[in-house]
Protein chains: 2
Amino acid sequence: MITLYGTAGSPYVRKVQLVLALKGLSFEQVQQMPFTKDPEFKKISPLGKIPALQDGELIINDSAVICEYLEDAYPEHPVFPSDHVNKAKARWFENLGGHRVSELASGIFFQRFMRPMVMKQESDEVLVGKIINEQLPPLLDYLESQVPSEGFLFGALGVADISLVSSFINASYASYTVDASRWPLFSAFIQRVTSHAVVKPVMEAEAAMFGLNKG
Amino acid sequence: MITLYGTAGSPYVRKVQLVLALKGLSFEQVQQMPFTKDPEFKKISPLGKIPALQDGELIINDSAVICEYLEDAYPEHPVFPSDHVNKAKARWFENLGGHRVSELASGIFFQRFMRPMVMKQESDEVLVGKIINEQLPPLLDYLESQVPSEGFLFGALGVADISLVSSFINASYASYTVDASRWPLFSAFIQRVTSHAVVKPVMEAEAAMFGLNKG
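Basis of the calculations
Residue positions are given per chain, counting from 1 as you read along its sequence in written order. Chains carry letters from A onward and ligands carry numbers from 1 onward, assigned in written order. Restriction of local features to residues with pLDDT of at least 70 applies here, the model being predicted, together with a cutoff of 80 or more for giving and counting side-chain atom pairs; totals for whole chains, interfaces and linings are based on all residues. Where side-chain values are given, they derive from all heavy atoms of the structure, hydrogens and water being excluded. Secondary structure counts use DSSP, requiring at least four H or I residues in a row for a helix and at least two E residues in a row for a strand, with both numbered from the N terminus. Residues count as neighbours in contact if any of their non-hydrogen atoms are within 4.5 Å of one another. Between any two strands, at least two bridges found by DSSP are needed for them to pair. Orientation is described by axes fitted as lines to C-alpha atoms, over the contacting stretch for helices, and by angles from 0 to 180 degrees between their N-to-C directions. Annotation comment: domain bounds sourced from an automatic or database domain assignment. We define buried area as the total accessible area lost by two parts upon association, computed with a 1.4 Å probe and summed across both. The working definition used for a salt bridge is a side-chain nitrogen of Lys or Arg within 4 Å of a carboxyl oxygen of Asp or Glu. Each helix should span, by expectation, one fewer than its residue count multiplied by 1.5 Å. One fitted axis covers the seven residues ending at a residue, a second covers the seven starting there, and the bend at that residue is the angle between these axes.

(A) Here's a closer look at the side chain of glutamine 32 of chain B. Mapped onto the secondary structure, glutamine 32 of chain B falls in the loop between strand E2 (27-30) and helix H2 (39-44). Contacts of glutamine 32 of chain B, omitting those with residues within four sequence positions, involve Tyr5, Gly6, Thr7, Phe41 and Ile50 of chain B.

This is the structure:
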């Protein structure tokens, strides 16, 4: 039995939820906020981070490590390409999505959604302006040069596509959308990923949780 | 032909150098500092980071992605365990070494070595004190609970061992050593890794570069 610890709405938890869904694996989800001081959760996640995953005796942390494990242990419905070269490229996109893309796109979400809505603080608009106007454009130029005009990066939807898009889903909750006139390919790519049959129900559940689908 | 872009002394470049050495792969190293504005290097490393690796037509970035590729493409002399469960654990340690351990231990190196020696700035000793006295101890407590009393994490020296130790090598250049009376197992583990026959020549070359073996 697989147990996923984490809360919906995290770009990293979402990545694992979608990989589990693509692989058709059933799992139990334990609601867990990150950075808890709970010593019981520290036994599961030494840094207090989410997601954590338990599969039998094995407990592992970090969404990239978890996705690699799921691919190794449950190879049916692969989420990585099978040849070394494309697998390396997919890992690079996975890594980019989980680090620089997340730092920027989830940064917008943190400032404009989490701080006002959850933490009752004001957004740091100087920081958000720097992200949107200075830091994201060169990254979006690069992404625009990498994504295909149709379909996904390596055939069927996989972890590379999901990782690159996941933090932009969070940014969209803070009303940031990638400018389709400036980055048409990447903007259309986000649309394709988020309207995929496996992604849609996860996003609808999140929208309900965040109260985004009300009237 | 394999080409490694990066400069000696980087904890991430060192990780790849050691994996290449463990696998007995010959390679050409191109000296490259990180975060250059050089547009030619941006074609190789979109974020300007090091290491980057070229193998034939493939160019990839990020030390974790590079080590996974080398393991897939050159499986002789493995640097990961072969079974899924231990491979997942090894990836977790690799990830921990490359992120939280590096953030803290390489943070000491950055403040106390790079800033005064290279950047002609003063070290932020408030930050260093916080790292050494508050942030590292719980991480070292965890590492102390994980490392073996003899040998390496998964048999022969591998990427998990190297990744956990690499940033502590940098911290040692800034005169920080893990307190052997408080964390005897992890301290002895660092000694075992750094005195391994494949690691020693790389460290000697670094010491010569940094002028640490004078007098």
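(B) Quick look at the sheet that holds strand E3 (residues 52-55) of chain A. Residue and element names in this part refer to chain A. The mixed open sheet is built from 4 strands, whose spatial order is E2-E1-E3-E4. Whereas interior strands pair on both sides, the edge strands pair on one side only; in this sheet they are strand E2 (27-30) and strand E4 (58-61). Neighbour-to-neighbour, the strand axes of the sheet open up by a mean angle of 20°, direction not taken into account. Bridge count for E3 against E4 is 4 bridges, and the pairing is antiparallel.

(C) Representation of the domain arrangement of chain A. All names here are of chain A. Domains assigned within chain A are domain 1 (2-73) and domain 2 (84-210). Contacts between domain 1 and domain 2 engage 14 residues on the former and 21 residues on the latter. Taking both partners together, domain 1 and domain 2 bury about 1500 Å²; carbon and sulfur atoms supply 62% of that area. Interface area lost by domain 1 to domain 2 is led by Arg14, Leu18 and Leu22, which between them contribute 37%. On the surface where domain 1 and domain 2 come into contact, there are 3 salt bridges.

(D) Highlighting helix H6 (residues 159-173) of chain B. Residues and elements named next belong to chain B. Between the first and last C-alpha of H6 there are 21 Å, a value that for 15 residues agrees with the 21 Å anticipated at 1.5 Å per step. Maximal helix bending in H6 amounts to about 30°, located at valine 165. Following H6 by one or two positions, serine 175 adopts a phi angle in the positive range, close to 65°.

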